[in-house]
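# Close look at the chain arrangement
Below, each chain spelled out in residue letters.
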Amino acid sequence: MCYVVCSFEPVAPYHVYIVIRPFCGGFCKSWFLLFLDDKALAVRMWTWRNMKIRDMIRAIRASKTAAEERAVVRKECAAIRASISENDPDYRHRNLAKLMFIHMLGYPTHFGQMECLKLIASPGFPEKRIGYLGLMLLLDERQEVLMLVTNSIKQDLNHTNQYIVGLALCALGNICSAEMARDLAPEVERLLQFRDPNIRKKAALCSIRIIKKVPDLAENFVNPVAALLKEKHHGVLITGVQLCSDLCKVSTEALEYFRKKCTDGLVKVLKDVANSPYAPEYDISGITDPFLHIRLLKVLRVLGQGDADASDSMNDILAQVATKTESNKNAGNAILYECVETIMSIEDNGGLRVLAINILGRFLSNRDNNIRYVALNMLMKAIAVDSQAVQRHRATILECVKDSDPSIRKRALDLVYLLINDSNVKPLTKELTEHLEVSDPEFKGDLTAKICSIVEKFSPEKIWYIDQMLKVLSEAGNYVKDEVWHALIVVITNASDLHGYAVRSLYRAVQTAGEQETLVRAAVWCIGEYGEMLVSNVGRLDIEEHLTVTESDALDVVETSIKSHSCDLITRAMCLIALLKLSSRFPSCSQRINDIIGQYKGSFVLELQQRAIEFNSIIERHQNMRSSLAERMPVLDEATFSGRRAGSVPAAVSTSKGVSVNLPNGAAKPSIAPVADLLDLSLDDAPAPSSSGGEFLQDLLGVNLTPVSLQSDTNQGQRSGTDALLDLLSIGTPPAQNSSSTAQMLSSNIDNKSPLDILDRLSTRSAPSAQVSSTGGNSSMLDLLNGLPSSPPMSVTEGSGAGHSSVTAFESSSLKLTFNWSKQPGNPQTTLIEGSFTNKSQDVFTDFIFQAAVPKFLQLQLDPASGNTLPASGNGSITQKLRVTNSQHGKKSIVMRIRISYKVNNKDVLEEGQINNFPRDL
C-alpha cells in the first residue's frame, strides 16, 4: 500500500491568500491528515468548517462534473452558513474569502453580505481589507444594505491609518451611489489635499465617481483640482488631469474656469514631460510616461475645442509633439494619434492640420494593421475638415483598398467613397473597376455597391454612366442588386439618342460575360426593345467599332440565355417577352421564334408555361394586333423609379446614400407621386403591395404577377404602373381612338379575367361602354386557346334598386367631388357610382385626371371621364362613372383612396384623400 503524506504548514489567522491556478490530480471528497510516528498511525478527519480556501479551490477544480462541483459548493456554503449563525469571529475572514471565490464562480452569495459589514466595522486592518474587498465584489450600488456601511466608510475616511483611508477610498470609488456621494463628498474633497500622494491619487479617482453620480457637486472640486494640476508626482498628476477632463464635461462653469486659469499650466506640463530627460521609473520604449502624454493631450483637446484663444496657446506644443515623437514604437504611435485627434478637434490652424493628416498618411504605410485601421478612421473624420489635404494621400488610400485584411479594405473603400467628387470621379472609378477584376469574392459585393453608388451620384453624362455600369455588370454582375440593372434600364430608356449604342454595347458584353445573370437580363431587355437598332446599326456613334449583327445572331443571344441552366425564372420569363417582341421586329424569324416559345408550352414551371401558351397564341392567331402589343416600352420616369427605391418620391433621383443624381442628358421630369402610393390602405386584412425599387421592373415585366385593383383615368394615354398584364405585353401609349376600350381593360381585375379575352377585346375594338367579360374558373386552357368566346358587351345602366341621395365625397378650397350611387336589381354586391367634379376657383383646370384605389375585397372599374378640362367658378363639371363590387357586402363598407391631378396655369397640382363615409349596405 502506498501512502501520500501531506504537510500543511500553519498560516497566520489574518493572512488570507486567494490562489487560482490549474491543478492536476484527483482528490477524494474526504480529507485526512496522516500523522506518522514510531508508535502509531493517527488518522484525523479534516472538517469542512476548518477547510482553508486553497483546499476548497483544489476540491472544486478536482470535480469531474458540474454536479460534483455544485456538491462541493453546496457543502461549503452550508458550513459557512452554520459559522455565520454561530457568529464565530475566528473564521469570518476565511468564510468571506471563500464566498468571494464562490461568487466568482457564479453561485449566489447574498447570505454573506452582512459579514462584509461586520468585517468593515472591525478595528483591525486585515479584517477591513477582506471586508472592503467583499463589499466591492458581493454588493453594488443598487443594494439597499449598502446604506448601512456609509457611516463605517465615513469613519475610515477620517482614520489615522492612511492604509485604512485608502481602503475606504477604493471601495467608495467602486460602488458609490448618489446618496453616498452627497454624504461623503466633503471628506473626499478634504483628502485631495492629504499629505500622502497615494491618498491624493485615490481621492481624485473617487472624486471622478462622485461627480458622475452627482454633477451638482462638480463646483466643489474645481479649486482642489487646479492645485492637483501643479503636482510633480506623476500618479497624482495623471488622476488630476482625468478629473479635470470629467469636470469640463459635466460643468460649463468648470470648463470656462480651466480654460482661463489652467490652459497655460497644462501646456507647460506637457512641454516639461515631452522634453524631460531619461527617467527609468516612467520610461516606456524611450518615451517618458506616454500615459501622462495622452491624458494631457486629451484634456487640451477638451479645453481647445470651440475656443480660439486656448487653441492658439497650445499650437506650439502640439507641433513639437507631432514632429519630435518617435513613430517606430507603439507608445510613440499612441501619442501621435492623440496629438492628431487633438489638432483636428481644436480651432482652425491650417498648417497644423496638414501636419496631422501627413502623420496619418505615414500611419497608412505602417505594417501594423491596427495602426492603419485607426488612421483610416481618423481620415474619415478629417475629410470633413480639410478634404484637400486628405486628397494628397489618395494613392495610399487606394492601395489600402487592395489590402488583404478585410476590415482595412472595407474602411478604405468607405474613405474612397467620401473622397470622390466631380473632378476625380473618372480616375477613381477606373481604379476601383480595375480592382474589381482581381478582388476576393467576399469583397465584390461591397465594392460593386460602392461603384454603382458613385456612378449614380457623380455621373457627368449618360454614356459614361452606361459604360461604367456595363463594366460592373460584366465583371461582377452576380454580386449587384436588382436595383442596379433596373436603374440602368431607366437611364437607357430616357436617353433616346443612346438606344442603339446601349443595345450594341450590351450585345458585346453578353458575348464575353454570359454567366453574369444581371447582365443577361439587361441585354435581353434591350434586345427585345431595340433589336432592329442592333441589326441596322442605327444611331452608331463615332467612338464605336463597327459591328455586324444579323437577326439570327440577336435571336441566338436570347435563345442561349433562355436555355442556360444558370438562369432563373425571372431571366427566362424576360427572354420569352423579348422573343414575343422580336417576332414583330424580325418577321422573317417569326417561325423560329414560335418554335422556341413552343418548347416551353409543356414546362413544369407554371409561369413559363402560361407565358409560352399565351405568346404562341398571339403569334399564330392574333397577328393583326401583335405589332401593337410588341410596341416599345414607354419612357420610364426617373423620378418615379427613384421614389419607389427610396419609399417616397423626392424632387430628384436619390441614391442609397440620399444624394441627388443629376444626369444632364434628357429633359427633366416633373416629380409625380407613384400610383402605387394609393394602395397605402390599412383597412384590408392583407398587407398593401410593396412598391420597393426591387420590384419596379419586375412589375413592369410581369414576372411576379400581383393583382392590384388600381384604376386610372386614361384620357391622356396614361397607363397604370401596376397593371402587370399590360407591362408583360409591353403595351405602350394606346391610340386615341382606343382609349375607351383600353380604360376598360385597365380597370378590369386580372385575377378573374383571361388575358386572351382581353386581347380579343383589343382586337375587336369594343365600344367605349363595353365591359370585359368574366371567364369562369372551370374553363379549360384548351377552351381559352382554341375557342375564344365572343361574349357580348354588358352595358352599365342605372339600376332600379334603392337610390341614395348625393353625398360630398371630397372637398378642398378649389375642388368639390360629389358621388351619386345606385344599385342594380338582384345584384346587391355591385354599386354604380357617378362622380361629379366642380371647380370652385377662378382658374381653369386642364389635364384633369382622376385616380382611385380600393382594398383587395373590392373590385373597381373606372369609365373614361367626360372631359379633361374643368371650367372655372362652377360653370361646368366633369363626370365619371365607377363600378364597385364588394365581395364582403354587409360585412365591410366601401372605402376608397383617391388622387386628383390637374394643371393650373401650367403648374402641376395634386390632391389626395380617403373616402370612408359610404353606408355599410353598399
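Worth saying up front: this structure is predicted, and the values here are computed from it rather than measured.

### Some words on the overall build of the protein
When its secondary structure is counted, the protein shows 38 helices and 15 strands. By residue count, 52% of the 922 residues in the protein fall in the buried class. Long-range contacts, defined as pairs at least 24 residues apart, comprise 68% of the intrachain contacts of the protein with a sequence gap of at least 6. Approximately 42000 Å² of the protein is accessible, and the part contributed by carbon and sulfur atoms is 50%.

### Re the sheet that holds strand S9 (residues 815-824)
Strand order across the open sheet formed by five strands is S8-S9-S10-S13-S12, with antiparallel pairing between neighbours. Each edge of the open sheet is held by one strand with a lone partner, namely strand S8 (807-811) and strand S12 (858-862). Each adjacent strand pair in this sheet contributes to an overall mean axis angle of 30°, direction not counted. One ladder, built from four bridges, connects S8 with S9; its direction is antiparallel. The residue of S9 that forms the bridge with Glu 811 is Lys 816.

### Considerations on the environment of Leu 428
As for its placement among the helices and strands, Leu 428 is situated in helix H22 (residues 425-438). Sequence spacing of Leu 428 and Val 416 is twelve residues, and the spatial spacing of their C-alpha atoms is 8.1 Å. Each residue touching Leu 428, except ones within four places of it in the same chain, is listed here: Arg 394, Leu 398 and Ile 420.

### Points about helix H31 (residues 606-621)
Three- or four-residue spacings in an α-helix give side chains the same orientation, since the helix completes a turn every 3.6 residues. Over its 16 residues, H31 runs 22 Å from end to end, which matches the ideal 22 Å to within 8%, given 1.5 Å per residue. Along H31, the positions that sit buried rather than exposed are Glu 607, Leu 608, Arg 611, Ala 612, Ile 613, Glu 614, Phe 615, Asn 616, Ser 617, Ile 618 and Ile 619.

### Focus on a negative patch on the surface
On the surface, a cluster of negative charge is contributed by Glu 431, Glu 434, Glu 437 and Glu 475. Counting residues per element, the negative patch draws most heavily on H22, which supplies three residues. Within the secondary structure, Glu 475 sits in helix H24 (residues 462-476). Residue Glu 475 is classed as partly exposed on the basis of its relative accessible area, which comes to 31%.

### Considerations on the nonpolar core
Counting residues in hydrophobic clusters, the biggest one holds 215 residues, and the most contacted among them are Leu 135, Phe 221 and Phe 258. Of the residues forming this core, the biggest block, eleven residues, is contributed by helix H27 (residues 517-536). Formed by 30 residues, the second largest nonpolar core is a distinct cluster that contains Phe 845, Ala 852, Ala 865 and Leu 870.

### Remarks on the packing of aromatic side chains
Within the structure shown, the criterion is met by six aromatic pairs. Look at Trp 525 and Tyr 530: their rings are 6.3 Å apart centre to centre, the planes differ by 75°, and that puts the pair in the edge-to-face class. Take Trp 525: its relative accessible area is 6%, and that puts it in the buried class. Their ring planes at 15° and their centres at 4.1 Å tell us that Phe 845 and Tyr 902 sit as a pair that is stacked. Of this pair, Phe 845 sits in the loop between strand S10 (827-839) and strand S11 (846-853) while Tyr 902 is found in strand S14 (residues 896-904), placing the two residues 57 residues apart along the sequence. Taken together, the ring pairs in this structure connect Phe 837, Phe 845, Phe 848, Phe 850 and Tyr 902 into an aromatic cluster. Above the plane of the ring of Phe 111 lies Arg 81, whose end atom (NZ or CZ) is 4.1 Å from the centre. Taking NZ or CZ as reference, Arg 409 lies 4.9 Å from the ring centre of Phe 443, over its face.

### Some points on the packing of helix H13 (residues 263-274) against helix H15 (residues 308-324)
Packing of H13 against H15 brings their axes to within 10 Å, and their N-to-C directions diverge by 5°. The angle between the axes of H13 and H15 places the two elements in the roughly parallel class. Where H13 approaches H15, its residues Thr 263, Asp 264, Val 267, Leu 270 and Lys 271 are matched on the opposing element by Ala 310, Ser 313, Met 314, Ile 317, Gln 320 and Val 321. Here the contact of H13 with H15 is composed, by residue class, of six nonpolar, three polar and two charged.

### Notes on the pattern of salt bridges
A side chain of one charge can pair with a side chain of the opposite charge if their charged atoms are brought near each other. Applying the stated criterion across every chain, the model contains 32 salt bridges. Of the charged contacts in the structure, one is a salt bridge between Arg 209 and Glu 141, with a shortest N-O distance of 2.9 Å. Taken as a pair, Arg 209 in helix H9 (residues 197-213) and Glu 141 in the loop between helix H5 (125-138) and helix H6 (150-157) lie far apart in primary sequence, 68 residues in all. Here Glu 256 and Arg 259 are joined by a salt bridge, their closest N and O atoms 3.2 Å apart. With a gap of three residues between them, Glu 256 and Arg 259 both fall in helix H12 (residues 252-261), about one helical turn apart. Given a relative accessible area of 36%, Glu 256 falls into the partly exposed group. Where salt bridges share partners, they join Asp 482, Glu 517, Arg 521 and Asp 568 into one cluster.

### Some words on the pairing of S12
Counted residue by residue, S12 has four buried out of five residues, so it is predominantly covered. As paired elements, S12 and strand S13 (residues 877-886) share five bridges and run antiparallel to each other. Pairing of Gln 859 across the sheet is with Thr 885, part of S13.

### Brief notes about unusual backbone geometry
For Ser 285, which is not glycine, the phi dihedral falls at a positive 55°. Considering the arrangement of structural elements, one finds Ser 285 in the loop between strand S3 (283-284) and strand S4 (287-288). Take Ser 285: its relative accessible area is 44%, and that puts it in the partly exposed class. Even without glycine at this site, Asn 537 takes up a positive phi of about 55°. One can find Asn 537 in the loop between H27 and helix H28 (551-563).

### Section: the packing of helix H16 (residues 330-345) against helix H18 (residues 369-382)
It is the contact of H16 with H18, at a shortest axis distance of 11 Å, that shows an interaxial angle of 5°. Of the possible angle classes, the one that applies to H16 and H18 is roughly parallel. Here Asn 330, Asn 333, Tyr 337, Val 340, Glu 341 and Met 344 of H16 come into contact with H18, specifically with Ile 371, Val 374, Met 378, Lys 381 and Ala 382. Partitioned by chemical class, the residues of the contact of H16 with H18 number seven nonpolar, two polar and two charged.

Rules used in this analysis
- Residues numbered from 1 in each chain as written.
- Predicted model: local features only at pLDDT ≥ 70, side-chain atom pairs only at ≥ 80, totals over all residues.
- Heavy atoms only, no water.
- Helix = DSSP H or I, 4+ residues; strand = E, 2+ residues; numbered from the N terminus.
- Buried < 20%, exposed > 50% of the residue type's maximum accessible area, 1.4 Å probe, protein only.
- Contact = heavy atoms within 4.5 Å.
- Areas by Shrake-Rupley, 256 points an atom, 1.4 Å probe, with all protein chains shown as cover.
- Pairing = 2+ DSSP bridges.
- Axes fitted to C-alpha atoms, helices over the stretch in contact; angles between N-to-C directions.
- Expected span 1.5 Å × (residues − 1).
- Patch = residues over 30% accessible without salt bridge, like charges linked within 9 Å, V, L, I, M, F, W, Y side chains within 5 Å.
- Salt bridge = Lys/Arg side-chain N within 4 Å of Asp/Glu carboxyl O.
- Lys, Arg positive; Asp, Glu negative; His and termini not counted.
- Charge placed at Lys NZ, Arg CZ, Asp CG, Glu CD.
- Core = buried A, V, L, I, M, F, W, Y, C linked by side-chain atoms within 4.5 Å.
- Phe/Tyr/Trp six-rings, centres within 6.5 Å; stacked < 30°, edge-to-face > 60°.
- Lys NZ or Arg CZ within 6 Å of the ring centre and 35° of its normal.
- Parallel < 35°, antiparallel > 145°, perpendicular 65-115°, else oblique.
- Nonpolar A, V, L, I, M, F, W, Y, C, P; charged D, E, K, R; others polar.

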